[in-house]
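What the coordinates show
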Amino acid sequence: MSASARSGFGGVLRRDLLLGARQRSELANPIIFYVIVIALLVLAVGADAAVLDRLAPPVIWIAALLASTLSLDQVFHQDFADGSLEQLLLSHHPLAVLVAAKIAAHWLLYGVPMMLTALLVTGMLRLPDSALATLLATLLLGTPVFSLIGAVLAALTVGLRGSGLLLPLLILPLYVPLLIFSVGAVEDAARGLPVAGELYLIASVLALSICVMPIAAAAALRARLS
Amino acid sequence: MFTFLHKYGSPQHFYRLSRGLAPWFGGASALLFAAGLYGALLLSPPDYQQGEGVRIIYVHVPSAWMSLMVYVIMAAAGGVGLIWKVKVADAFARASAPLGAAFTFLALATGSLWGKPMWGTWWVWDARLTSELILLFLYLGYMALQTAIEDRRTAARAGAVLALVGLVNIPIIHFSVLWWSTLHQGPTLRPFAPPAIHMSMLVPLMVMAVAFMLYFAAVVLVRTRNELLELERNSNWARELAAEEAAR
Amino acid sequence: MSGIQEFLHMGGYALYVWGSYALTLIVLAANALQPRIRERQLLRMLAGRNDRTGPSR
């Protein structure tokens, strides 16, 4: 990355983090939603020890998936509403780099708190301690993928009427591989099996997403706005 | 390449081309369907395990192949439209989506009709059926995005990005579902992939597959020219064309 | 059983085999017809507009 692109990246990242930090209630909403979904899932299937043992990994991941779709609207929406997105498109920095900064900011603002909440919630779900490290690893590798893939679809639907309904419809099918590998890894860890294979697979999904998705999100913004 | 694209890529030219080609594809498809059905229902032998039930293969497998092929074609057309700004490619991609969704639906429905007598249940979370279901969601998402964006140019470009992102994901989704199904259920009964398929079944299967492809070609040409007519309704060629048609 | 009846019976799989073929036929036929009808509609609509404004302005 050249010095100028780096300054562009840093500028957008700093700005988004600052704006995000000013709206604490919006940051909290997906987290609250996350905990509510987990509570409802447990209420629906029952709190038997035997059921919970089996259920903890999928519940943690499904709730994270749903909560992250809720936060994705935020990636571009405000910038679209106040016109600063158009400015971004006209900037002399490569758009993909600026979009990557927005994605990084989204992950720091929404992904990281969700990861920490997930760790706290495991205590309520009787997840064995042996699986905690694996859960943390899958979330650490997986939540950036939420932000990366999500940014493309958020860019495609920015400013559309009914985008709140369209975005989850478009994005949830694309989360399938992440869900399968992550839940598989946590389940295997809870049973004391090796999990390196699954973690490599999630890591490769992350690596591919880092390479492709910022460029795709930039193309999506251009497609929608120019 | 560019002169070719711009000569045949003009909506007006493509419209005439489609008028000329679609009936030929349609006719060839109908002939092959007749031959394929004869082979599928009468000539091919019943299976030693599945009896006559195996005949579902001749509509199920071509539908499943087409569902994937149409997605690839749709994404490729979208990519051409995105990069070289060819209106015809945009219209082609948009016209392909409902057909792809129809093939996906057929693959699911016939798979389900096959599963009932073979597995004893309408639905099994078999890796292929599950992947096919997710493919249907991808098609429906593409179509929902197309209707949500009113401006055709914008909708085409946004759809192209979505289709290309989906195309990158399809192999990963399929692999993950395959991995998942081997993890969660032991070796399942798979009537979908006989290890070595006999010639007496392969020939009708291939004839049906080609008939499906020609059917797609014929219908997508008509759908594309409708999209173009709608897009260019204010252009001179569209007005003149309508006048010619009305005079006939 | 006569040949025809046996053919229609499909060795007990009649519902599933004929169901699959019928469904395929219906979906393919509907998808083939719909754009033809749409094209006729579009051309008629454009021709109607021509009558009001003339074919080319």
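Refer to the structure printed above.
In this convention, every chain numbers its residues from 1, walking through the sequence in written order. Think of it this way: whatever chain is written first is A, whatever ligand is written first is 1, and the rest follow in order. In keeping with the predicted nature of the model, local features appear solely for residues at pLDDT of at least 70, side-chain atom pairs appear and are counted solely at 80 or more, and the whole-chain, interface and lining totals rest on all residues. Just so you know, side-chain values use all the structure's heavy atoms and leave hydrogens and water out.

The interface with the most contacts, out of two pairs of chains in contact, is the one formed by chains B and C. If you take every C-alpha in chain A and every C-alpha in chain C, the smallest gap between them is 24 Å, and the two do not touch. In this description, contact between two residues means that some pair of their heavy atoms is separated by no more than 4.5 Å.

A word on the interface of chain C and chain B. Facing 34 residues of chain C, the contacting portion of chain B comprises 47 residues. Overall, the association of chain C and chain B removes approximately 3,300 Å² of surface from exposure, summing both partners, and the carbon and sulfur fraction of that is 68%. What makes a salt bridge here is a side-chain nitrogen of Lys or Arg within 4 Å of a carboxyl oxygen of Asp or Glu, nothing more. Counting across the interface, chain C meets chain B through three salt bridges. In this structure, arginine 19 of chain B and glutamate 39 of chain C form a salt bridge, with 3.7 Å as the shortest nitrogen-oxygen distance. Whenever a nitrogen or oxygen atom comes within 3.5 Å of another N or O atom, the pair is scored as a polar contact, on the condition that within protein one atom can donate a hydrogen and the other can accept it, and that pairs from neighbouring residues in sequence are kept only if both atoms are in side chains. Our count for the contact surface shared by chain C and chain B stands at nine residue pairs in polar contact (both at pLDDT 80 or more). Classifying every residue of the side of chain C that touches chain B gives 19 nonpolar, ten polar and five charged. Values labelled buried area give the accessible surface lost by two parts on being combined, using a 1.4 Å probe and summing over both. Polarity classes work like this: nonpolar for Ala, Val, Leu, Ile, Met, Phe, Trp, Tyr, Cys and Pro, charged for Asp, Glu, Lys and Arg, and polar for all others, with Gly in that last group.

Quick look at helix α2 (residues 24-45) of chain A now. Since the α-helix turns once every 3.6 residues, residues separated by three or four places project in the same direction. All names here are of chain A. Helix and strand assignments follow DSSP, with helices taken as H or I runs no shorter than four residues and strands as E runs no shorter than two, numbered in order from the N terminus. An expected span of 1.5 Å times one less than the residue number is assigned to each helix. For α2, which comprises 22 residues, the first-to-last C-alpha distance of 33 Å matches the rise-based estimate of 32 Å (1.5 Å per residue) to within 8%. Exposure classes here rest on a 1.4 Å probe applied to the protein chains alone. A residue is buried below 20% of its type maximum, exposed above 50%, and partly exposed in between. Buried within α2 are the following residues: Leu27, Pro30, Ile31, Tyr34, Val37, Ile38 and Val42. Buried-residue contacts for α2 involve α1 (3-22), α3 (49-72) and α6 (95-121). Directly after α2, the chain includes glycine 46, whose backbone phi takes a positive value near 95°.

This part is about the interface of chain A and chain B. Between chain A and chain B, the contact holds 30 residues from the first and 27 residues from the second. Taking both partners together, chain A and chain B bury about 2,300 Å²; carbon and sulfur atoms supply 82% of that area. Between the two partners, chain A and chain B, sit one salt bridge. Among the ionic pairs, glutamate 150 of chain B bridges to arginine 161 of chain A, the shortest N-O distance being 3.3 Å. Of all the secondary structure elements, the ones that give two or more residues to the side of chain A that touches chain B are α7 (132-157), α8 (163-171), α9 (176-190) and α10 (196-225) of chain A. The greatest single-element share of the side of chain A that touches chain B, amounting to eleven residues, is contributed by α10 of chain A. Its residues assigned to classes, the side of chain A that touches chain B shows 21 nonpolar, three polar and six charged.

Whether two aromatic rings pair depends on their centres lying within 6.5 Å, for rings of Phe, Tyr and Trp, where Trp uses its six-membered ring; planes under 30 degrees apart make the pair stacked, over 60 edge-to-face, and the rest tilted. This structure, assessed with the given rule, holds 13 aromatic pairs over all chains. When the ring of phenylalanine 146 of chain A is compared with that of tyrosine 175 of chain A, the centres are 4.8 Å apart and the planes differ by 55°; the resulting orientation is tilted. Taken together, the residues span a long stretch of sequence, with phenylalanine 146 of chain A in helix α7 and tyrosine 175 of chain A in the loop between α8 and α9 at a distance of 29 residues. The residues phenylalanine 146 of chain A and tyrosine 175 of chain A share a single accessibility class, namely buried. Seen from their ring centres, tryptophan 123 of chain B and tryptophan 125 of chain B are 5.6 Å apart, and the 80° between their planes marks the pair as edge-to-face. Following the ring pairs from residue to residue traces out a cluster consisting of Phe33, Phe103, Phe212 and Tyr215 of chain B. Put simply, a charge is over a ring when the Lys NZ or the Arg CZ is close to the ring centre, within 6 Å, and near the line of the ring normal, within 35 degrees. Just above the ring of tyrosine 15 of chain B sits the side chain of arginine 225 of chain B; from NZ or CZ to the centre is 5.9 Å.

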